[in-house]
Amino acid sequence: MRDVNVGRKYLAEYQSIIFKDLLADIRRLAEPLQGKRVLHVNATSFGGGVAEILYTLLPLMNDVGLEAEWQVMTADSEFFNVTKSFHNGLQGAPVELPPEVRELYEDVNRRNAVQLSRHYDFVVVHDPQPCALRSWVADDGLGATRWLWRCHIDTSTPDRALYDYLLPFIRRYDRAIYTMAGYAPEGLDVPLEVVPPAIDPLAPKNMTLVPDDAHYIVRQFGIDVDRPLLLQVSRFDPWKDPLGVVDAYRQVKAHYPDVQLALIGSMASDDPEGWDYLERLHAYVGGDPDVFVLSNLDNIGSVEVNAFQSHAAVVLQKSTREGFGLTVSEGLWKARPVVAGGVGGIPLQIQDGVTGYLVDSSAACAGRCLEILERPEPAQAMARRGKEYVREHFLTPRLLRDYLRIFNDMLAEGE
């Protein structure tokens, strides 16, 4: 297990952004939790939404008086190939579970579990990679540790054999947290909490950029800032449907020859499949000079993503399965028109036709993009409503409050 340095953030810095009632709730809920030790465990410290969430959530937990830490499990590429198949299987793809796969998964979790030698009041384990940790951690005799499993994946229609394999591990936890109640399986037998994710409005990825600065950054990557840009930011993954985004772009381009497309992804250490899909995407794009496939390998970081999202004429997230889709809230927070797949947690963020558009095909996606390009004023009004909806529901202080409430409830149950 490897410790992650999360730096510092202060709740007071958010008071001009969030509602006063939320700030008061956080301070009230934090009071009984002073000095409580919290550990978050996941598979990677970079790439993907979980890492982004933890880099903000943990410093805020520390600021309000808890002692929060983050550790990343250690494993080789063979393990992450297995757990990527688990991720896909939980979203509905068929998965094979021969004895050697189970042995590898359990052995890596067992070896990481023995490294958890300190006492914590709460341990939050994220997603399937470290799910089995709890089964190999004995009570330390220093007081009850409350264990929580946080699933960020749309598991509404999983591969049943895989879920049957994981359920005994999940049932060792004291709480299970899902983005939506419909993601929880039948027979969970663990108290369920429903907690959507959130974005940090003060992180470099979401802080306010003036248009000139956004244009300057975007221009460095060959984009013509005087021509409309369609943008999708997500992992290079079949569930995010980047090939379908290319199809939608081609349909839009037939009407708007000047339109450009940028597909931006982050290559993560726990997603070996992403490298193969990136090659497939490049081949599908062909030699189109108006399509830009970019990643952290091209020096795209948080500020660059912010600039692209702040500049784009349309922000896309054409997922076919999606646990939540933080990039939807990111685009809405920047008051950009957002068109996204009506799947998973995306409809939590978008009220169709009110705060953005939900679509179910490349043709529908292209149609909504054309509508936005042809009628920019109504689209901007919709985007401003989307920003306010995110302010109310999907900023990190709300997520902090939800965790504090759960921790308090669990302590009260143990009294």
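Source: prediction; values computed, not measured. (Residues numbered from 1 in each chain as written. Predicted model: local features only at pLDDT ≥ 70, side-chain atom pairs only at ≥ 80, totals over all residues. Heavy atoms only, no water.)

(A) Summary view of the overall build of the chain. Counting secondary structure elements, the chain contains 14 helices and 13 strands. Relative to its length of 415 residues, the chain is compact, with a C-alpha radius of gyration of 21 Å against a globular reference of 22 Å. Overall, the chain is about 70 × 50 × 35 Å in size when its C-alpha atoms are taken along their principal axes. Across the 415 residues that make up the chain, the buried fraction comes to 58%. In the chain, the proportion of contacts linking residues at least 24 apart, taken out of those at least 6 apart, comes to 75%. Carbon and sulfur atoms make up 49% of the accessible area of the chain, which amounts to about 16600 Å² in all. Looking at the chain, you have 41 positive and 58 negative side-chain charges, and the mean spots of the two groups are 4 Å apart. (Helix = DSSP H or I, 4+ residues; strand = E, 2+ residues; numbered from the N terminus. Rg over C-alpha atoms; globule rule 2.2 N^0.38 Å. Buried < 20%, exposed > 50% of the residue type's maximum accessible area, 1.4 Å probe, protein only. Contact = heavy atoms within 4.5 Å. Areas by Shrake-Rupley, 256 points an atom, 1.4 Å probe, with all protein chains shown as cover. Lys, Arg positive; Asp, Glu negative; His and termini not counted. Charge placed at Lys NZ, Arg CZ, Asp CG, Glu CD.)

(B) Region of the structure containing helix H5 (residues 160-170). All buried positions along H5 are accounted for by Leu162, Tyr163, Tyr165, Leu166, Leu167, Phe169 and Ile170. Elements in contact with the buried residues of H5: helix H3 (77-90), helix H4 (99-113), strand S5 (146-151) and strand S6 (175-178).

(C) Spotlight on the pattern of salt bridges. Within the structure shown, the criterion is met by 26 salt bridges. Between Asp25 and Arg28 there is a salt bridge, and its shortest N-O distance comes to 3.6 Å. Remark: Arg28 and Asp25 occur in helix H1 (residues 20-30); sequence separation between them is three residues, near one turn of the helix. The class of Asp25 is partly exposed, set by a relative accessible area of 25%. A salt bridge links Glu193 to Arg175; its shortest N-O distance comes to 3.0 Å. Taken together, the residues Glu193 in strand S7 (residues 192-194) and Arg175 in strand S6 connect sequence positions 18 residues apart. Salt bridges sharing common partners tie together Arg175, Glu193, Arg405, Asp409 and Glu413. (Salt bridge = Lys/Arg side-chain N within 4 Å of Asp/Glu carboxyl O.)

(D) Expanded view of the sheet that holds strand S2 (residues 37-42). Reading across from one edge, S1-S3-S2-S4-S5-S6-S7 is the order of the seven strands in this open sheet, with mixed pairing throughout. In this open sheet, the two strands that pair with only one neighbour each are strand S1 (2-3) and S7. Pairing between S1 and strand S3 (residues 67-72): two bridges, direction antiparallel. Counterpart to Arg2 in the pairing with S3 is Val72. (Pairing = 2+ DSSP bridges.)

(E) Structural view of the sheet that holds strand S12 (residues 338-341). Overall, parallel pairing links the six strands, which are arranged S10-S9-S8-S11-S12-S13 in an open sheet. Each having just a single partner strand, strand S10 (291-295) and strand S13 (357-359) make up the two edges of the open sheet. Direction aside, the axes of adjacent strands within the sheet are offset by 20 degrees on average. Inspection of the sheet shows S12 paired to S13 by three bridges, in the parallel sense. What sits directly across from Val339, in S13, is Tyr357. (Axes fitted to C-alpha atoms, helices over the stretch in contact; angles between N-to-C directions.)

(F) Molecular detail of the pairing of strand S8 (residues 229-233). Within S8, five of the five residues are buried, which leaves it mostly tucked inside the rest of the structure. On S8, burial covers both faces: Leu229, Leu231 and Val233 on one face and Leu230 and Gln232 on the other are all buried. In the sheet, S8 pairs with strand S9 (residues 260-265) via five bridges, with the strands oriented parallel. Looking across to S9, one finds that Leu230 is bridged to Leu261. In this fold, the crossover linking S8 to S9 by way of helix H7 (residues 242-253) has right-handed handedness. Relative to strand S11 (residues 314-317), S8 runs parallel, the two being bridged by three bridges. Bridge pairing in S11 places Gln232 opposite Leu316. (Right-handed = clockwise from strand over helix to strand, strands pointing away.)

(G) Main features of the environment of Cys365. Within the fold, Cys365 resides in helix H12 (residues 362-374). With a relative accessible area of 1%, Cys365 lands in the buried category. Sequence spacing of Cys365 and Tyr249 is 116 residues, and the spatial spacing of their C-alpha atoms is 8.8 Å. Contact partners of Cys365, with chain neighbours within four places excluded, come to Ala248, Leu316, Lys318, Val339 and Val359.

Everything listed here is a matter of geometry and, on its own, says nothing about what the molecule does.
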